[in-house]
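Examination of the molecular architecture
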Amino acid sequence: VDRIRLPAPSRTVAVGDLHGDCDAFVNVLRTAGLVDATARWTGGDAVLVQCGDVLDRGPQEAECLALLRSLKMQAAAAGGRVVTLFGNHEVLNACGVTSFVSEAGATAFGEPRSLAFRPGGALARELAGWPV
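Read on for a plain summary of the structure. (Residues numbered from 1 in each chain as written. Predicted model: local features only at pLDDT ≥ 70, side-chain atom pairs only at ≥ 80, totals over all residues. Heavy atoms only, no water.)

Here's the deal with the overall build of the protein
Within the protein one finds 5 helices and 3 strands. For the protein, the N- to C-terminal ordering of α and β elements is β-α-β-α-β-α-α-α. By the compact-globule yardstick of 14 Å for 132 residues, the protein fits well, its C-alpha radius of gyration being 15 Å. Summing over all exposed atoms, the protein offers an accessible surface of approximately 7000 Å²; the carbon and sulfur share of this is 55%. Taking the average location of the 12 positive side-chain charges in the protein and that of its 14 negative ones, the two points are 8 Å from each other. (Helix = DSSP H or I, 4+ residues; strand = E, 2+ residues; numbered from the N terminus. Rg over C-alpha atoms; globule rule 2.2 N^0.38 Å. Areas by Shrake-Rupley, 256 points an atom, 1.4 Å probe, with all protein chains shown as cover. Lys, Arg positive; Asp, Glu negative; His and termini not counted. Charge placed at Lys NZ, Arg CZ, Asp CG, Glu CD.)

Structure follows, in structure tokens:
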């Protein structure tokens, strides 16, 4: 079992259940002082922990994932970190369960959802790297 060991940051902010609402996510990050008005990292050495359930329900799932990818790089460059955890809705999508997907989410990844999350695909490989 790989364990995540991090030096003590100045602060840790945990956010869960984004469910495809990137606008609300950015609002939370701005309120927490982790990003500016353009969603660029301003958190310094802070650690953001996204507690899973990025996917399903809302229409901005791809935008949430893109923002998390970008913030991971920006935070690292500033001495901070973004940790993304694998939630039950990520598990559902990996298993092909789409009953919680919004109409917009059905094609949010540029291909039919079942193909986007297929084993071995780029998105499946990315999510497989998220700790549970």
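The discussion continues.
What to know about helix α1 (residues 22-31)
Along an α-helix, residues three or four positions apart point the same way, because every turn accommodates 3.6 residues. Here α1 has its buried residues at C22, F25, V26 and L29. Seen along its axis, α1 keeps its buried residues to an arc of 95°; they face one direction. Every exposed residue of α1 that faces more than 90 degrees away from the buried side is listed here: D23, N27 and T31. Contact partners of the buried residues in α1: β1 (12-15), β2 (47-50) and α2 (61-77). G33, located one to two residues past α1, shows a positive phi value of around 75°. (Buried < 20%, exposed > 50% of the residue type's maximum accessible area, 1.4 Å probe, protein only. Arc of directions from axis to C-beta. Contact = heavy atoms within 4.5 Å.)

Notes on the side chain of S102
On the secondary structure map, S102 appears in the loop between α3 (88-94) and α4 (113-116). On the accessibility criterion, S102 (14% relative accessible area) is buried. Polar side-chain contacts of S102 include one of 2.9 Å to the backbone nitrogen of G105. Excluding anything up to four places from it in sequence, S102 contacts R57, G58 and P59. (Polar contact = N/O pair within 3.5 Å; in protein donor to acceptor, adjacent residues only side chain to side chain.)

Quick word on the pairing of strand β3 (residues 81-84)
Summarising the sheet, β2 and β3 pair through 4 bridges and their orientation is parallel. When the bridges of β3 are listed, V49 appears paired with V83. Chirality of the crossover, the property in question, places the unit of β2, α2 and β3 among those that are right-handed. (Pairing = 2+ DSSP bridges. Right-handed = clockwise from strand over helix to strand, strands pointing away.)

Some details on unusual backbone geometry
Comment: phi is negative for the bulk of residues other than glycine, and the bulk of peptide bonds are trans. Look at D53: it is not a glycine, yet its phi comes out positive at around 65°. Summarising the element assignment, D53 is placed in the loop between β2 and α2. The class for D53 is buried, based on a relative accessible area of 9%.

Observations regarding α2
For α2, with 17 residues, the first-to-last C-alpha span of 25 Å sits near the 24 Å given by 1.5 Å per residue. Along α2, the positions that sit buried rather than exposed are E61, C64, L65, L67, L68, L71, Q74 and A75. Of the surrounding elements, those touching the buried residues of α2 are α1, β2, β3, α4 and α5 (122-128). (Expected span 1.5 Å × (residues − 1).)

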